[in-house]
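Results of the structural survey
Residue-level listing of the chains:
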Amino acid sequence: MPQNPALPSALSPRPHTVVLGFDYGARRIGVAVGNRVTGSARALEVVGNGANGPDFTRIAALLREWRPDALLVGLPLTPDSGEQANSQGARAFADALHERHALPVNLVDERLTSRAASERFAERRASGSAKRKHAAALDAIAAEIIVEQWLRESNFCAHP
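These numbers come from a predicted model, not from an experiment. (Residues numbered from 1 in each chain as written. Predicted model: local features only at pLDDT ≥ 70, side-chain atom pairs only at ≥ 80, totals over all residues. Heavy atoms only, no water.)

Bringing unusual backbone geometry into the picture now. Positive phi values are uncommon outside glycine, yet Ser 81 reaches one of about 70 degrees. Here Ser 81 is to be found in the loop between β5 (70-75) and α2 (85-101). The backbone phi angle of Ala 102 is positive, close to 50 degrees, even though this residue is not glycine. With respect to the helices and strands, Ala 102 occurs in the loop between α2 and β6 (105-109). Note on Ala 102: relative accessible area 63%, which makes it exposed. (Helix = DSSP H or I, 4+ residues; strand = E, 2+ residues; numbered from the N terminus. Buried < 20%, exposed > 50% of the residue type's maximum accessible area, 1.4 Å probe, protein only.)

Below you can see the structure in the form of structure tokens.
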């Protein structure tokens with residue numbers, strides 16, 4: 001009986017179904033999860049980043065919990081696509097993730113995510129689903145937007 005080509009075989013690589021996205025910052029790193037099948041993303045939490053570097057212990061726990069197929073790291077660029085001060089930090093973080101976890105890591109242009117995250121947080125506050133004290137979650141919301149953008153641009157969404 002011939003195999004259905006639409007179904008992955010045991011030998012074919014598995015498509016990126018679950019991804020974790022990171023919004024890298026010098027003090028905080030927002031984390032979100034995305035799903036290729038549903039085409040959706042959800043902010044998870046914010047992990048610390050400081051003098052001792054990112055909280056790789058917490059990041060490893062998130063990877064064990066969500067078991068992503070790939071990781072995404074927002075790459076901050078200038079409006080004319082140039083690098084900025086935080087770009088090098090984001091690239092180094094992406095390299096460290098790849099070295100530590102042996103997963104594919106994709107850099108995602110994150111221009112305008114901070115503004116979009118602020119707008120989304122304001123909408124959630126207006127609807128009552130977020131409170132002012134949750135403002136620290138802005139970085140996780142930015143990660144959510146990074147994941148959504150990657151799903152959309154990579155045509156990984158099952159639904160338009």
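On we go from here.
A few words on the pattern of salt bridges. Using the criterion set out here, one finds three salt bridges in the structure. Close ionic contact of Asp 139 with Arg 28 constitutes a salt bridge, the shortest N to O distance being 2.7 Å. Remark: Arg 28 occurs in strand β2 (residues 28-35) and Asp 139 occurs in helix α4 (residues 138-153); sequence separation between them is 111 residues. A relative accessible area of 36% means that Arg 28 is categorised as partly exposed. Residue Glu 83 is joined to Arg 91 by a salt bridge in which the shortest nitrogen-to-oxygen separation is 2.6 Å. Its relative accessible area of 44% is what places Glu 83 among the partly exposed residues. (Salt bridge = Lys/Arg side-chain N within 4 Å of Asp/Glu carboxyl O.)

In this structure, Asn 49 sits in strand β3 (residues 40-50). At 2.7 Å, the side chain of Asn 49 and the backbone oxygen of Gly 25 are in polar contact. The residues touching Asn 49, leaving out its near neighbours within four places in the chain, are Tyr 24, Gly 25, Ala 26, Arg 27, Arg 28, Ile 29 and Pro 54. (Polar contact = N/O pair within 3.5 Å; in protein donor to acceptor, adjacent residues only side chain to side chain. Contact = heavy atoms within 4.5 Å.)

What follows deals with the packing of helix α1 (residues 56-66) against α2. One way to put it is that α1 packs onto α2 with a least axis distance of 12 Å and a crossing angle of 60 degrees. Regarding the angle of α1 to α2, the classification is oblique. The element α1 and its partner α2 pack so that their crossing is right-handed. Judged by residue contacts, Phe 56, Ile 59, Ala 60 and Leu 63 of α1 engage Phe 93, Ala 96, Leu 97, Arg 100 and His 101 from α2. Per-class residue counts for the contact of α1 with α2 are seven nonpolar, one polar and one charged. (Axes fitted to C-alpha atoms, helices over the stretch in contact; angles between N-to-C directions. Parallel < 35°, antiparallel > 145°, perpendicular 65-115°, else oblique. Left-handed = near helix turned anticlockwise from the far one by under 90°. Nonpolar A, V, L, I, M, F, W, Y, C, P; charged D, E, K, R; others polar.)

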